Amino acid sequence: MGKMPISLIRFGEGSFWMPAPASTAAPAVDRVFDFILYVSIFFFLLIVALMLFFIIRYHRGRGVEAEKTATHHTGLELMWTVIPLILVFIIFYLGFTGYMNLATPPANTYEVNVVGQKWKWLFTYPNGHVDDNLHVPLDVPVRLVLTSEDVIHSFFVPAFRVKKDAVPGRYTNLWFEATEPGEYDVFCAEYCGTSHSDMIARVIVHPPGEFEKWLQDASNFLERMAPADAGAKLMTTRGCKQCHSIDGKSNIGPTFLGIYGREGVFKDGRRYTVEENYIRRAILDPQSEIVAGYEPVMPTYKGRLKDQEITAMIEYLKTLKE
Amino acid sequence: MNGSTAVADNYLSHGRGFRSWFFTLDHKRIGVMYLASIFFFLILGGFFAMLIRTELLTPGRTIMDADTYNQVFTLHGAVMIFLFIIPGIPAAFGNFVLPVMLGAKDVAFPRLNLLSYHLYVVGAIFSVVSILLGAVDTGWTFYTPYSTTTHTSVVSMTLGAFILGFSSIFTGINFIVTIHRMRPPGMSWNRLPLFLWALYSTAIIQVLATPVLGITLLLLIVERLLGIGIFDPALGGDPVLYQHFFWFYSHPAVYIMILPAMGVMSELISVFSRKHIFGYKAIAYSSVAIAVLSFLVWGHHMFTSGQSDLGNMIFSALTFSVAIPSAIKVFNWLATMYKGSIRLDTPMLYALSFLLLFGIGGLTGLFLGALATDVHLHDTYFVVAHFHYTMMGGVLIAFLGAMHYWWPKMFGRMYSEKAGRLAAFLVFVGFNLTFFSQFVMGSQGMPRRYYNYLDRFQPYHVLSTIGAYVLAVAFVVLAGNLIHSLFRGRKAPANPWGSATLEWMCASPPPHDNFAEPPEAGDPYDLEHLVYDESIGGYVPRTAREGA
Amino acid sequence: MCREPRARGHELRRSEQSAAREIPHHFATPRQAYESGKLGMWIFLATEVLLFGGLFAAYAVYRGNHPEVFVYAHRFLDARLGALNTLILITSSLTMAWAVRSAQLGNRRLLTLLLALTLLGGGAFLGVKIVEYEHKWKHGLLWGEQYRPHHPETAQEHSSAPEIPRETPPGDRTNIPPAAIGPPGLASSTDEERAAHASAKEPRNVHLFFGVYFAMTGLHGLHVIAGLLVIGWVFVRARGGAYGPSNFEPVDRAGLYWHLVDLIWIFLFPLLYLIH
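Note that the structure is a prediction, hence the values are computed from the model and not measured.

Details of the overall build of chain B
Tallying secondary structure elements over chain B gives 17 helices and 4 strands in all. Computed over its C-alpha atoms, the radius of gyration of chain B comes to 23 Å, within 12% of the 24 Å expected for a compact globule of 548 residues. Seen along its three principal axes, the alpha-carbon backbone of chain B occupies a region of about 80 × 45 × 45 Å. Within the span of chain B, comprising 548 residues, buried residues form 71% of the whole. Counting only contacts in chain B whose residues sit at least 6 apart along the sequence, the fraction spanning at least 24 positions is 80%. Of the accessible surface of chain B, which amounts to about 15600 Å², a share of 68% is contributed by carbon and sulfur atoms. Computed over 30 positive and 27 negative side-chain charges, the separation of the two mean positions in chain B equals 8 Å.

So, the pattern of salt bridges
Per the counting criterion, the structure on display carries 29 salt bridges over all chains. For Asp26 of chain B, the salt bridge identified is with Lys28 of chain B, shortest N-O distance 3.0 Å. Lys28 of chain B gets classed as buried once you look at its relative accessible area, which sits at 0%. Salt bridges here are not isolated pairs; linked through shared partners, they connect Glu183, Asp185 and Arg202 of chain A together with Arg456 of chain B.

Describing the sheet that holds strand β3 (residues 130–131) of chain A
Note: strands within a sheet are paired through backbone hydrogen bonds, in either parallel or antiparallel orientation. All names here are of chain A. Read from one edge of the open sheet, 5 strands run β3-β2-β1-β5-β8, paired in mixed fashion. The sheet terminates laterally at β3 and β8 (172–177), the two strands that pair on one side only. As paired strands, strand β1 (residues 110–117) and strand β2 (residues 120–124) are joined by 5 bridges and run antiparallel to one another. Among the inter-strand pairings, Val115 is bridged to a residue of β2, identified as Leu122.

Considering the interface of chain B and chain C
Accessible area lost on assembly of the parts is the figure often given for the size of an interface. Each side of the interface is counted separately: chain B has 50 residues, and chain C has 41 residues. For the pair chain B and chain C, the summed buried surface comes to about 3900 Å²; carbon and sulfur atoms form 69% of the total. Looking at the side of chain B facing chain C, the largest losses of area belong to Arg181, Ile228 and Leu235 of chain B, adding up to 15% of the total buried there. Where chain B packs against chain C, one counts 1 salt bridge. For Glu35 of chain C, the salt bridge identified is with Arg181 of chain B, shortest N-O distance 3.7 Å. Counting across the chain B and chain C interface gives 7 residue pairs in polar contact (both at pLDDT 80 or more). Breaking the side of chain B that touches chain C down by element, the ones donating at least two residues are α7 (154–181), α8 (194–226) and α9 (239–273) of chain B. No other element matches α8 of chain B, which puts 9 residues into the side of chain B that touches chain C. Class assignment of the residues belonging to the side of chain B that touches chain C gives a composition of 30 nonpolar, 12 polar and 8 charged.

Digging into the nonpolar core
Ranked by internal contacts, the top residues of the largest apolar core, which has 335 residues, are Phe155 and Phe160 of chain A together with Met337, Phe399 and Trp406 of chain B. In this structure, Phe399 of chain B is in contact with Leu35, Ile38, Phe39, Phe84, Gly88, Ile89, Ala92 and Phe93 of chain B, ignoring residues within four places of it in sequence. The next biggest cluster of nonpolar side chains, apart from the first, holds 26 residues, and it includes Phe256, Ile259, Tyr294 and Met313 of chain A.

Some points on unusual backbone geometry
Omega for the peptide link from Lys118 of chain A to Trp119 of chain A comes to 0°, which places this bond in the cis form. With respect to the helices and strands, the residue Trp119 of chain A is situated in the loop between β1 and β2. Ser508 of chain B connects to Pro509 of chain B through a cis peptide bond whose omega is -10°. Backbone geometry places Arg449 of chain B, a non-glycine residue, at a positive phi of 60°.

Describing the sheet that holds strand β9 (residues 182–188) of chain A
All names here are of chain A. Read from one edge to the other, the open sheet built from 5 strands follows the order β4-β10-β9-β6-β7, with strand pairing classed as mixed. With partners counted over all chains shown, the strands left at the sheet margins are β4 (134–137) and β7 (162–166), one partner each. Strand after strand, the sheet turns through a mean of 25° between neighbouring axes, direction not considered. Where β9 lies against strand β10 (residues 201–206), 5 bridges are found, and the strand directions are antiparallel. From the neighbouring strand, Gly182 faces β10, where its bridge partner is Val205. Against the sheet, helix α3 (residues 210–219) engages β4 and β10, with an angle of about 145° to β4.

A word on the interface of chain A and chain B
Listed per partner, the contact involves 79 residues of chain A and 91 residues of chain B. Carbon and sulfur atoms supply 70% of the area buried between chain A and chain B, which totals about 7400 Å² over both sides. Along the contact surface separating chain A from chain B lie 4 salt bridges. Between Arg170 of chain A and Asp238 of chain B there is a salt bridge, and its shortest N-O distance comes to 2.7 Å. Counting the contacts that link chain A with chain B gives 30 residue pairs in polar contact (both at pLDDT 80 or more). Residues of the side of chain A that touches chain B, tallied by class, amount to 47 nonpolar, 16 polar and 16 charged.

Regarding the packing of helix α4 (residues 79–105) of chain C against helix α8 (residues 249–273) of chain C
Residue and element names in this part refer to chain C. Remark: α4 packs on α8, axes separated minimally by 9 Å, with the N-to-C direction vectors making an angle of 165°. When the axes of α4 and α8 are compared, the pair comes out roughly antiparallel. When you trace α4 past α8, the crossing you get is left-handed. Of the residues that constitute the contact of α4 with α8, the class distribution is 17 nonpolar, 7 polar and 2 charged.

Quick word on the packing of aromatic side chains
Residue and element names in this part refer to chain A. In total, this model carries 95 aromatic pairs over all chains according to the counting rule given. Look at Phe160 and Tyr184: their rings are 5.4 Å apart centre to centre, the planes differ by 55°, and that puts the pair in the tilted class. Of this pair, Phe160 sits in the loop between β6 (153–157) and β7 while Tyr184 sits in strand β9, and the two are 24 residues apart along the sequence. Each member of the pair Phe160 and Tyr184 is classed as buried. The aromatic ring of Tyr301 is capped on one face by Arg304, whose charged end is 4.5 Å from the ring centroid.

Overview of the confidence of the model for chain B
Put simply, chain B has an average pLDDT of 93, and 98% of its residues get 70 or more. Across residues 1–7 of chain B, confidence stays below pLDDT 50; counting only partners more than four residues off in sequence or on other chains, it has 8 contacts.

Some points on the pairing of β7 of chain A
Residues and elements named next belong to chain A. The buried fraction of β7 is high, at 5 of 5 residues. Pairing geometry for β6 and β7, over 5 bridges, is antiparallel. Residue His153 lies in a different strand from β7, and its bridge partner there is Ala166. The hairpin turn running from β6 into β7, its antiparallel successor, is 4 residues long, and Arg161 in that turn takes a positive phi close to 65°.

Considerations on the state of the cysteines
All names here are of chain A. Considering all chains together, one arrives at 0 disulfides over all chains under this definition. Between Cys188, a cysteine without a disulfide, and Cys192, which holds the nearest cysteine sulfur, the sulfur-to-sulfur distance is 3.9 Å. Note on Cys188: relative accessible area 0%, which makes it buried. Cys240 supplies the cysteine sulfur nearest to Cys243, a cysteine that is in no disulfide, at a spacing of 8.9 Å.

Brief notes about the environment of Phe256 of chain A
Residues and elements named next belong to chain A. Tracing the chain through its elements places Phe256 in the loop between α5 (227–237) and β11 (263–265). The exposure class assigned to Phe256 is buried, which follows from its relative accessible area of 9%. Separated by 97 residues in sequence, Phe256 and Ala159 place their C-alpha atoms 37 Å apart. The residues contacting Phe256, other than those within four sequence positions of it, are Met235, Cys240, His244, Ser245, Ile246, Arg262, Leu317 and Leu320.

About the criteria used
Residues numbered from 1 in each chain as written. Chains lettered and ligands numbered in written order. Predicted model: local features only at pLDDT ≥ 70, side-chain atom pairs only at ≥ 80, totals over all residues. Heavy atoms only, no water. Helix = DSSP H or I, 4+ residues; strand = E, 2+ residues; numbered from the N terminus. Rg over C-alpha atoms; globule rule 2.2 N^0.38 Å. Buried < 20%, exposed > 50% of the residue type's maximum accessible area, 1.4 Å probe, protein only. Contact = heavy atoms within 4.5 Å. Areas by Shrake-Rupley, 256 points an atom, 1.4 Å probe, with all protein chains shown as cover. Lys, Arg positive; Asp, Glu negative; His and termini not counted. Charge placed at Lys NZ, Arg CZ, Asp CG, Glu CD. Salt bridge = Lys/Arg side-chain N within 4 Å of Asp/Glu carboxyl O. Pairing = 2+ DSSP bridges. Buried area = accessible area lost by both parts, 1.4 Å probe. Polar contact = N/O pair within 3.5 Å; in protein donor to acceptor, adjacent residues only side chain to side chain. Nonpolar A, V, L, I, M, F, W, Y, C, P; charged D, E, K, R; others polar. Core = buried A, V, L, I, M, F, W, Y, C linked by side-chain atoms within 4.5 Å. Axes fitted to C-alpha atoms, helices over the stretch in contact; angles between N-to-C directions. Parallel < 35°, antiparallel > 145°, perpendicular 65-115°, else oblique. Left-handed = near helix turned anticlockwise from the far one by under 90°. Phe/Tyr/Trp six-rings, centres within 6.5 Å; stacked < 30°, edge-to-face > 60°. Lys NZ or Arg CZ within 6 Å of the ring centre and 35° of its normal. pLDDT = per-residue confidence, 0-100. Disulfide = S-S within 2.5 Å.

As structure tokens, this is what we get:
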């Protein structure tokens, strides 16, 4: 019912079926897709044509009686067995070679570690900088080492035609080489719970020379930015905002709005007042003190945050006055 | 003389009251109970589908929050797969038709058959209860470790599926033994109707694959309840092992779904073209080939899971091998229509829809079997469209075709052809509207199981939802037509469509014991000896007509 | 047109004798009834094999990837008790087969005696299993997080796998042990872990063995119980004289099931108890 299967892969523009290709592997994948598409269209049209012809030509309403024909024909049956067999073999071969290209990174890749967690991607660059988006240089092969903190996620960049599951307790990897500067979507492609569809990140492909500059700036944000601003950035990149709002709404965790100086009660009945030491404990050993009315689900950040970063976050929280 | 029997002594009137139905040993009554239950769950699953499509009209929240949406799509999948499509054609029509097609009085193990139905009911109750206890939100695939850690009612739903698995296994055992041991004299394997070849191949898969699902779900349940640690990475377990176990069953399961549908196709195309089926042996053996090959390809659901490149390559190659027997069938059906005398009655409209829709479904499988393209398309709406074209455009369409084909035999009533054709047309249109745009959405990168989505995908979603509402209307017309026929339909002759398989040789509806004396089994596709008799609105043997 | 039974001479075969008394109305001949029942039972046994097959596959995968765990942990199983159970089960299979023969020959007293002995054997098997399970429970040799080994005899606290947090709150996944880099597709042990077994130091993830052990023997035990229920029912009927040369199928079918249960144990025993 109504298809326009013409594939128009023009450089920089998407086609009817595919987003604009932006990696070295993408055009090859698209070629495989197109081949299968044309084969499929051919056979589909063949089936439609034969069917329509038979329905019209041999319609009983026209007084047509059935004729006795052969009930089997070895030559015909062999033909429509062998030809599809050859075609699927070709499709398999094209799919396989295209895949081996996707699966085999070249030597000298730029490596970034990727961790998926509910519901955020975190990228750790070779210099130790952690970011919530993936920045890569143009025309450089990049290799991602993927894992998960909790359940299975999947790292999917449609523009690059790459996808690989991020599995807890194991490392997987994928590689790509970006060919177009710009920003591209990263989706999570393995269902992982409530905010599976919000687990979106961006790949930012920097023109030559600009990537190094970005990395340096980003890595030094603690030095360059005021502590409170740096803290704000950390609150986003480290996933705090997934569970703690800053607008007063209670979420999986208590809201950060007005948190500094807040008084309350823990689950075990003890009273608390939020100050620097409390916040530090809450970040490094969250299970030891649970606010009444909330569940003990916060992961610990011990070993994952520097002292300077914790200080920045505390400064930021102080600015969230009601 | 009117072809219908007196109202007394048919299987519907033989004994009244709840107990005579719920504890019956009559395969026909069991088939009817299955049909009613299965159709009910089709509607329930369809209701969940309408909720999904309505929510997806807009990105962000439309009518429900994210957690509810996740539960709704899980239930849609689980209900449709475990309660509708897997029991589907074998339970609702196989049970009724199989013994009669063999000229037999019942299946080999009538009590086991009743047990199958009771297990279905119990499994259904567990599944429905799970909805009320905090519905599952894992997706119908229950991937670990999400399913071992989520706080929803995974145990009761998987327990329900476990019990339903045994219902399926026992039906499979029954069908295999019945076909092996209870064929009439004259019905060699080469004279077996193709619907029975299909049921036989299906039963082989049911019997061999379902126990593996059983142990998988059992392990999942004890993992949740006792923390055994087989699939939990925090305890040294392997979540990918779960995927291997799960798909080892669930891939053959899709052939449990499609093989009976293909069997129905062989019957419908032949009868409504008034022609002997073309390539009988090829169709029969291709069913068995599909059954065997189906066990070798499960890894194609796991190409991006971290499975080795070698594993990926082997599974991809084997996946393409399974395509060939299906292609053979399609060409054989087309060749059957050649120089036939084709009547576009409602069952035939469904058969033709199947050819087109399953054709698209099968061809889009090529994209997914090829490694390079699957990496991009896996877990996107392309896959969703593919399996809806095969399972819905294929199996459901064949189910509806079977229902309209055997309805006169089962209930002794003819329905309105006009309404039947209208519904078939609306189903075809609504279905394509709903699902074709999903192919494009998927290849453009829209992942599946997404509550929220980027704005640029909205036009596809809107088109899809419109199609869903057309489908809903189609089902109202369809169900209304059939139910109306039960009360006001013209009485059906023994053989309204002119088929040569044995179930059409007894009255519509059949008597309690099917046949007083088993009829002679000839070539089930020799249609020449049947002629249409205007006075009864059905077909009779040529000699009877000439003698009258 | 009537259906003719396939006549093969005047003497009814044993199978036809068996069901000659009363066959369900949907069967045409006693032979058809007998053959159908037999085929059905064999297919059912095939499904049971596949059910256990999944567990054997899990065993193979985990043993292949963590051999040191299996070599270390199997020492906690008493191979003598396992051998005893094997002997018991094989003997009960013998008495069961003999019981089928007695039914065929119409020897009611022998039949009931042998069925009783079979039940006794099955019961003894379960008894030994209870002894084994109790031992595991006492020493904390259980699955998953329940694995807290301690040996009262030596009064020595084994250091349980330190990386697995004892009180892992739900949702805290940050203490997942670092991923081992093994063959793609399955996490497997590092070389250090494999070497650990040589030094008799307790390897990590020993609880995996016990998870597999309890899953396999537990499911098998459930099948033994089911078998005993079936044989028990046959026993009661046999005492009432229900079986004889013209009606011995239920004994035969129960026997087939029991033999399968026995066969599965014969595979379980070496795989779990006799690892080198």
